[in-house]
Amino acid sequence: MQFLIKKIAGRVGILILIIILNHTLLYCQKERNSTWILGNTTDGNLVRFNDSLSVSLIDPGIDFAGSNSSISDLEGKLLFYTNSCWVANAENKLMKNGDTINPGELKFGFCKNLQGAPSPGCVITEYPGRNNRYYIFNIDIDIPYFGIDSFFGSAPQRVMYHIVDMTRDSGKGEVILKNQIALYDTLGRASLIACRHANKKDFWLIAPKSHTNCYFVFLVDKNGVNKPSLQCLGERWSDLDTQGQAVFSPNGKHYARMNKWNGLNIYDFDDSTGQLSNPRPRIMFNQDTFHVTGLSFSPNSRYLYASPLYKVIQFDMQSSNIEASRIDIAQYDGFRNPYGTVFYLSALAPDGRIYIS
């Protein structure tokens, strides 16, 4: 295994690029993920993964505080994007009826003035069986633990969904249904993610339940968003469940979730049945991280990469002892201009590279 580390300068910051040389085909349609939007309403980047990587300066229609999701058509053309509060179209303008997709406490805080939700918790998927329609899934912020001294007061209580019809508004799209509640419970403060079903048509959605080792698993199919199953296994998460990341492996066979306080938690996942299983012993990073952490799988799903602030760490999923397979492949060099460029959230791109903010 060989690695090349690059720094890509842009007006919204610096991306760290890890090139993984054992590139294989991605599990999902890579064209759907071929355009990323970064930045804020006056200072941003449009990143395209076509034959080669290109970065353009733009003025996005919305700000990104932490939650960020976009989707393209099958030719790789951007359709729309969201920050879990607002929806913008490909012209970088607010989509018709794309306002206020996160009511409640966020509406009066982070969602004011086109700002976005503070932590990852928003997913866009196709609508199975309906061409030109898409789901947006997100979580809110409420105050279920107000007055409990041992808990931080706010946390999500709803998994919501919204439907976008791209045939509306002359092809620019319209949110035709919004703020539908798929689940009302106490939820983890981040880590809402989706995985394509083994049938390549439907999707699985996972939302952790707060203060537990339990996970809500939804099937999204042609009949809509189904009632979730609650699966409890592995080690319990504490109230300190922010500033982390969860990912599926590209082949749909593993689910991993990580943050500083609760470590790296790895499960097997059956993308035919939606069943989690075989929780591995928790891996901690106390000596490596402050509070920011990122997580991504390699394109062939064999390697898992953790980025806890100062290091990038590789684990071999085929090892009988995943923790013992650890290799530190990168370390922050102390560069500041004027701020440090430490490692944080990461994402596997269609070009087979992992990009770390």
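Sequence order as written defines the numbering, with residues in each chain counted from 1. Totals for whole chains, interfaces and linings use every residue, but because this is a predicted model, local features are given only for residues with pLDDT of at least 70 and side-chain atom pairs only at 80 or more, for both listing and counting. Excluded from the side-chain calculations are hydrogens and water; all other atoms, namely the structure's heavy atoms, are used.

Regarding the overall build of the chain
Reasoning step 1: On a plain count of helices and strands, the chain comes out with 0 helices and 27 strands.
Reasoning step 2: C-alpha atoms define the radius of gyration, and 2.2 Å times the number of residues to the power 0.38 defines the globule rule. On C-alpha atoms alone, the chain measures out to a radius of gyration of 19 Å, which is about the 21 Å that the 2.2 N^0.38 rule sets for 357 residues.
Reasoning step 3: Along the three orthogonal principal directions, the C-alpha set of the chain runs to about 55 × 45 × 40 Å.
Reasoning step 4: Counting the 357 residues in the chain, one finds 54% classified as buried. Only DSSP runs of H or I covering at least 4 residues are called helices, and only runs of E covering at least 2 are called strands; the numbering of each starts at the N terminus. The classification of residues rests on relative accessible area computed with a 1.4 Å probe and restricted to protein chains. Under 20% of the type maximum is buried, over 50% is exposed, and intermediate values are partly exposed.

Regarding the environment of Ile143
Reasoning step 1: The topology assignment puts Ile143 in the loop between strand 10 (133-139) and strand 11 (158-165).
Reasoning step 2: Ile143 gets classed as partly exposed once you look at its relative accessible area, which sits at 41%.
Reasoning step 3: Taking the C-alpha atoms as reference points, Ile143 and Asn286, separated by 143 residues in sequence, lie 29 Å from one another.

Thoughts on the sheet that holds strand 4 (residues 43-49)
Reasoning step 1: Read from one edge of the open sheet, 3 strands run 3-4-5, paired in antiparallel fashion. Of all strands in the sheet, those with a lone pairing partner are strand 3 (35-40) and strand 5 (53-58), marking the two edges. On average, each strand axis in the sheet is tilted by 20° relative to the strand beside it, whichever way the strands run.
Reasoning step 2: In this structure, strand 3 lies alongside strand 4, joined through 6 bridges in antiparallel fashion. Residue pairing in the sheet places Ile37 in a bridge with Leu46 of strand 4. At least two bridges found by DSSP between two strands are what make those strands a pair. Axis angles are defined between N-to-C directions and span 0 to 180 degrees, where every axis is a line fitted to C-alpha atoms and, for a helix, only to the segment in contact.

Considerations on the state of the cysteines
Reasoning step 1: Any two cysteine sulfur atoms within 2.5 Å of one another count as a disulfide. One pass over the full model with this rule turns up 2 disulfides.
Reasoning step 2: Covalent S-S linkage joins Cys85 and Cys111, the inter-sulfur distance amounting to 1.8 Å. Taking the sign of the S-S torsion, about -60° here, the bridge from Cys85 to Cys111 comes out left-handed. Of this pair, Cys85 sits in the loop between strand 7 (78-82) and strand 8 (87-89) while Cys111 sits in the loop between strand 8 and strand 9 (122-126), and the two are 26 residues apart along the sequence.
Reasoning step 3: Look at Cys111 and you get buried, because its relative accessible area is 6%.
Reasoning step 4: In this model, Cys214 is linked to Cys232 through a disulfide, with the two sulfur atoms separated by 2.0 Å. Between Cys214 and Cys232, the S-S torsion sits near 105°, and that sign places the bridge as right-handed.

Re the packing of aromatic side chains
Working definition: an aromatic ring pair is given by the centre-to-centre distance plus the angle between the planes.
Reasoning step 1: Only Phe, Tyr and Trp rings take part, Trp by its six-membered ring, and two of them pair if their centres are within 6.5 Å. Stacked means planes under 30 degrees apart, edge-to-face means over 60, and tilted covers everything else. Counting across every chain of the model gives 18 aromatic pairs.
Reasoning step 2: Geometrically, the ring pair formed by Tyr145 and Phe151 is edge-to-face, given 5.1 Å between the ring centres and 75° between the ring planes.
Reasoning step 3: Judged by centre distance (5.5 Å) and plane angle (70°), the ring pair of Tyr215 and Tyr267 falls under edge-to-face. Placement of Tyr215 in strand 15 (residues 214-221) and of Tyr267 in strand 20 (residues 263-270) is noted, with a sequence separation of 52 residues between them. Summarising the burial analysis for this pair, Tyr215 and Tyr267 share the class buried.
Reasoning step 4: Of the aromatic side chains, those joined through ring pairs into one cluster are Trp204, Tyr215, Phe248, Tyr255, Tyr267 and Phe269.
Reasoning step 5: Here, a charge over a ring is recorded when the distance from Lys NZ or Arg CZ to the ring centre is within 6 Å and its angle to the ring normal is within 35 degrees. In this structure, Arg130 is placed above the aromatic ring of Tyr127, and the distance from its NZ or CZ to the ring centre is 5.8 Å.

A word on the sheet that holds strand 11
Reasoning step 1: Judged by pairing direction, the sheet is antiparallel, and its 4 strands sit side by side in the order 9-10-11-12 without closing on themselves. The open sheet has two free edges, formed respectively by strand 9 and strand 12 (174-184), since each of these has just one partner strand. Shown here is a sheet whose adjacent strand axes are inclined to one another by a mean of 20°, direction ignored.
Reasoning step 2: Both strand 11 and strand 12 contribute to a ladder of 7 bridges, which runs antiparallel. Pairing of Val159 across the sheet is with Leu183, part of strand 12.

What about unusual backbone geometry?
Reasoning step 1: Here the amide bond leading from Asn337 into Pro338 is cis, since omega sits at -10°, within 30 degrees of zero.
Reasoning step 2: Looking at where Pro338 falls in the secondary structure, it is placed in the loop between strand 25 (327-331) and strand 26 (346-348).
Reasoning step 3: Residues other than glycine seldom take positive phi values, yet Asn92 does so here, at roughly 60°.
Reasoning step 4: Along the polypeptide, Asn92 turns up in the loop between strand 8 and strand 9.
Reasoning step 5: Within the chain, Leu309 stands out as a residue other than glycine whose phi angle is a positive 70°.
Reasoning step 6: Along the chain, Leu309 falls in the loop between strand 23 (303-306) and strand 24 (311-316).

What about the nonpolar core?
Reasoning step 1: Working definition of a nonpolar core: buried Ala, Val, Leu, Ile, Met, Phe, Trp, Tyr and Cys residues. They are joined through side-chain atoms within 4.5 Å. In this structure, Tyr135, Phe137, Val159, Leu192 and Phe218 are the most contacted members of the largest nonpolar core, which totals 16 residues.
Reasoning step 2: Counting residues per element, the ones that place at least two in this core are strand 10, strand 11, strand 14 (203-208) and strand 15.
Reasoning step 3: In this structure, Phe218 is in contact with Val159, Ala182, Leu183, Phe203, Trp204, Leu205, Ala207, Val225, Asn226 and Pro228, ignoring residues within four places of it in sequence.
Reasoning step 4: In terms of nonpolar packing, the next biggest core, distinct from the first, is built from 15 residues, Ile283, Leu295, Ala306 and Met317 among them. Every residue pair with non-hydrogen atoms within 4.5 Å of one another is taken to be in contact.

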